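Structural overview
Chain residues, written in single-letter form:
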Amino acid sequence: MGLIVGVVGATGAVGRKMLQILDERKLPIDRLRLFASEKSAGTTVSFRGEEIQVELLTDEVMKDTFDYLLFSAGGGVSEKFAPIAAAAGNIVIDNSSQWRMTEGIPLIVPEVNPHVLKGYRGIIANPNCSTIQMVVALSPLHKRYGMKRIVVSTYQAVSGSGFKAIQELENQTKDENHPNEVYTRKIFGNCIPHIDVFNENGFTKEELKMVYETQKIFDNKDIQVNATTVRIPVYYGHSESVYVEFEETPDVNEIKEILSNSEGIVLMDNPEENCYPTPLEVENTDATYVGRIRKDLFNPKGISLWVVADNLRKGAATNAVQIIEAMEKNNL
Ligand code: 2RA
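By the naming in an unreviewed UniProt entry, the protein is Aspartate-semialdehyde dehydrogenase, taken from Alkaliphilus peptidifermentans DSM 18978. The protein has a UniProt comment under Subunit (unreviewed entry) that states "Homodimer." What UniProt records for the protein under Function (unreviewed entry) is the sentence "Catalyzes the NADPH-dependent formation of L-aspartate-semialdehyde (L-ASA) by the reductive dephosphorylation of L-aspartyl-4-phosphate."

Backbone-to-backbone hydrogen bonds join strands into a sheet, with any given pair of strands oriented parallel or antiparallel. Ordered by their spatial adjacency, seven strands build an open sheet running 3-4-2-1-5-6-7, and the pairing between neighbours is mixed. The open sheet has two edge strands with one neighbour each: strand 3 (44-47) and strand 7 (123-125). Here the strands of the sheet are splayed against their neighbours by 25° on average, with no regard to which way each runs. As judged from the three bridges shared by strand 2 (residues 29-36) and strand 4 (residues 50-56), these two strands associate in the parallel manner. Looking at strand 4, one finds that Ala36 is bridged to Leu56.

At a minimum axis distance of 8 Å, the contact between helix 4 (residues 129-145) and helix 9 (residues 313-329) shows a crossing angle of 85°. The angle between helix 4 and helix 9 falls in the class roughly perpendicular. Two secondary-structure elements touch here, helix 4 through Cys129, Ile132 and Val136 and helix 9 through Lys314, Gly315, Ala316 and Asn319. Looking at side-chain class alone, the contact of helix 4 with helix 9 contains four nonpolar, two polar and one charged residues.

Here we take up helix 3 (residues 75-87). Counted at 1.5 Å a residue, the expected span for helix 3 with its 13 residues is 18 Å, and the 18 Å between its end C-alpha atoms agrees. Of all the bends in helix 3, the greatest, near 35°, is centred on Phe81, and the proline Pro83 appears no more than four residues after it. Residues of helix 3 that are buried include every one of Ser78, Phe81, Ala82, Ile84 and Ala85, and no others. Next to the buried residues of helix 3 lie helix 2 (59-62), strand 5 (68-71), strand 6 (91-94) and strand 7. Positive phi appears at Gly89, one or two residues downstream of helix 3, with a value of about 95°.

What follows concerns the UniProt feature "binding site: phosphate" (unreviewed entry) in the protein. In the numbering used here, UniProt assigns the feature "binding site: phosphate" (unreviewed entry) to Arg100. For Arg100, the position within the fold is in the loop between strand 6 and strand 7. Apart from residues lying up to four places away in sequence, Arg100 is in contact with Asn95, Ile105, Leu107, Ala125, Asn126, Pro127, Asn128, Lys209, Glu213 and Lys216.

Within the structure, the ligand sits among Asn128, Cys129, Gln156, Gly160, Ser161, Glu206, Arg231 and His238. One nitrogen or oxygen atom from the side chain of Gln156 is found 3.0 Å from an oxygen atom belonging to the ligand. Between Glu206 and the ligand, the recorded distance is 2.6 Å, taken from a side-chain N or O atom to a nitrogen atom. About the coverage of the ligand: the protein hides 78% of its 230 Å² of free accessible area. Residue composition of the shell around the ligand, by class: one nonpolar, five polar and two charged.

Next up on the list: the nonpolar core. If you look at soluble globular proteins, the nonpolar side chains tend to sit buried side by side. Ranked by size, the top nonpolar core spans 85 residues in total, and within it Leu22, Leu32, Met62 and Ile150 carry the most contacts. No other element matches the eight residues that helix 4 contributes to this core. Both domain 1 (3-127 + 316-329) and domain 2 (130-312) contribute no fewer than three residues apiece to this core. Excluding anything up to four places from it in sequence, Ile150 contacts Met134, Leu138, Thr214, Ile223, Gln224, Val225, Asn226, Val242, Tyr243 and Val244. With seven residues, the next largest nonpolar core counts Ala165, Ile166, Tyr183 and Ile192 among its residues.

Bringing the domain arrangement of the protein into the picture now. Taken domain by domain, the protein consists of domain 1 (3-127 + 316-329) and domain 2 (130-312). Contact with domain 1, which involves 25 residues of that partner, is made by 19 residues of domain 2. For the pair domain 1 and domain 2, the summed buried surface comes to about 1800 Å²; carbon and sulfur atoms form 61% of the total. Taken as a group, Ala13, Glu111 and Val112 account for 30% of the area that domain 1 buries against domain 2, more than any other trio of residues on that side. Viewed at the interface, domain 2 and domain 1 are joined by two salt bridges. Arg25 is the partner of Asp286 in a salt bridge, and the nearest nitrogen-oxygen pair spans 3.6 Å.

Analysis parameters
- Every chain is numbered on its own, with residues counted from 1 as its sequence reads.
- Only residues with pLDDT of at least 70 get local features here, since the model is predicted, and only at 80 or more are side-chain atom pairs given and counted; chain-wide, interface and lining totals rely on the full set of residues.
- Side-chain numbers come from the whole structure's heavy atoms, not from hydrogens or water.
- UniProt positions are given in the numbering used here, feature names are shortened, and annotations may be inferred rather than shown by experiment.
- Two strands qualify as a pair provided DSSP detects at least 2 bridges between them.
- Strands here are runs of E lasting at least two residues and helices are runs of H or I lasting at least four, both read from the DSSP assignment and numbered beginning at the N terminus.
- Structural elements are reduced to axes, namely lines fitted to C-alpha atoms, with helices fitted over the stretch in contact, and the angle between N-to-C directions of any two is expressed from 0 to 180 degrees.
- Note on terminology: angles under 35 degrees are roughly parallel, angles over 145 are roughly antiparallel, angles of 65 to 115 are roughly perpendicular, and the others are oblique.
- The criterion used for residue contact is that any of the two residues' heavy atoms lie within 4.5 Å.
- In the scheme used here, Gly and all other residues not listed as nonpolar or charged are polar, with Ala, Val, Leu, Ile, Met, Phe, Trp, Tyr, Cys and Pro taken as nonpolar and Asp, Glu, Lys and Arg as charged.
- One less than the number of residues in a helix, times 1.5 Å, gives the span that helix is expected to have.
- Bend, in this description, refers to the angle at a residue between axes fitted to the seven residues ending there and the seven starting there.
- Partly exposed residues are those whose accessible area sits between 20% and 50% of the maximum for their type, while under 20% is buried and over 50% is exposed, using a 1.4 Å probe and protein chains only.
- We call a residue near a molecule or strand when any one of its heavy atoms sits within 4 Å of it.
- Here a polar contact means two N or O atoms within 3.5 Å. Within protein one must be a hydrogen donor candidate and the other an acceptor candidate, and residues neighboring in sequence count only if both atoms are side-chain atoms.
- Under the convention used here, a 1.4 Å probe and the Shrake-Rupley method define accessible areas, while residue burial counts only the protein chains that appear.
- As used here, the term nonpolar core means buried Ala, Val, Leu, Ile, Met, Phe, Trp, Tyr and Cys residues forming a set that is joined through side-chain atoms within 4.5 Å.
- Delimitation of the domains relies on an automatic or database domain assignment.
- Once two parts are joined, some of their accessible surface, as seen by a 1.4 Å probe, is lost; buried area is that loss totalled over both.
- Just to be clear on terms, a salt bridge is a Lys or Arg side-chain nitrogen sitting within 4 Å of an Asp or Glu carboxyl oxygen.

Structure follows, in structure tokens:
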């Protein structure tokens, strides 16, 4: 007996990626239903050779029976419709930030904290893309050495802002005078240290997501995180420069051994051969890639590393689909 799966926001950048991943990973789906706002309802999307009509998202359809509902339609839509679907007994996996920090709502990266899903039904939150790749890379090292403090700078692709931003970079690449609408200034040939809105403490919402989502995923409010998130003129793939101070003194060779044998991680670290991950090389894959591992020159408990992943796949759609797989595999 296959699954009944719904995708809310099926015509957006991540929604379309979710369909691609559902197909690629061969989930046994008996029925797929797609939902969107008036703007896109009535259009059709092809899936496994079938043209599926996009239905209008309403309270009523959320009360229908699904095994899983994937949401990627923004926080407002999730706030309104996810509780209706959950109240009807459906499992909702939400890619927006709406429910991530809500007490009692699991915030899940299957390689890191799948145990939290045991016996759970309701709304499950998919973490922010920049958080996911960082915790995948750091989780096995945290288990071995215990993390005290993380300092991270991100270099985030424009696809994180959706189709319009991809278009804006394409237009500015062709015409340097093309106006900037998505960002506060031109993104072509530039980098912008401003993702999402500024908080009164000087951090942006994106940076605070990395702080508090990381603490929730590791269930450890003592882990100190300091983030600077930056938009760069790259289409797909987020990169992160991560510095970690551990409780115990780490060993670089042991770290490489641990990462090489960790689920979801590919080690690409051989400077003599110019071997390190870059967004272009990891685009359209599902692993988290780690390189440039090196000890701090002054603090024996400090390690720097470089982490790259496809932000629409592992950073969003694949992680959400892997949550379905984890629940199905472990009969959670
Ligand atoms: C971004 N992480 O990259 C945010 C949302 N996807 O824009």
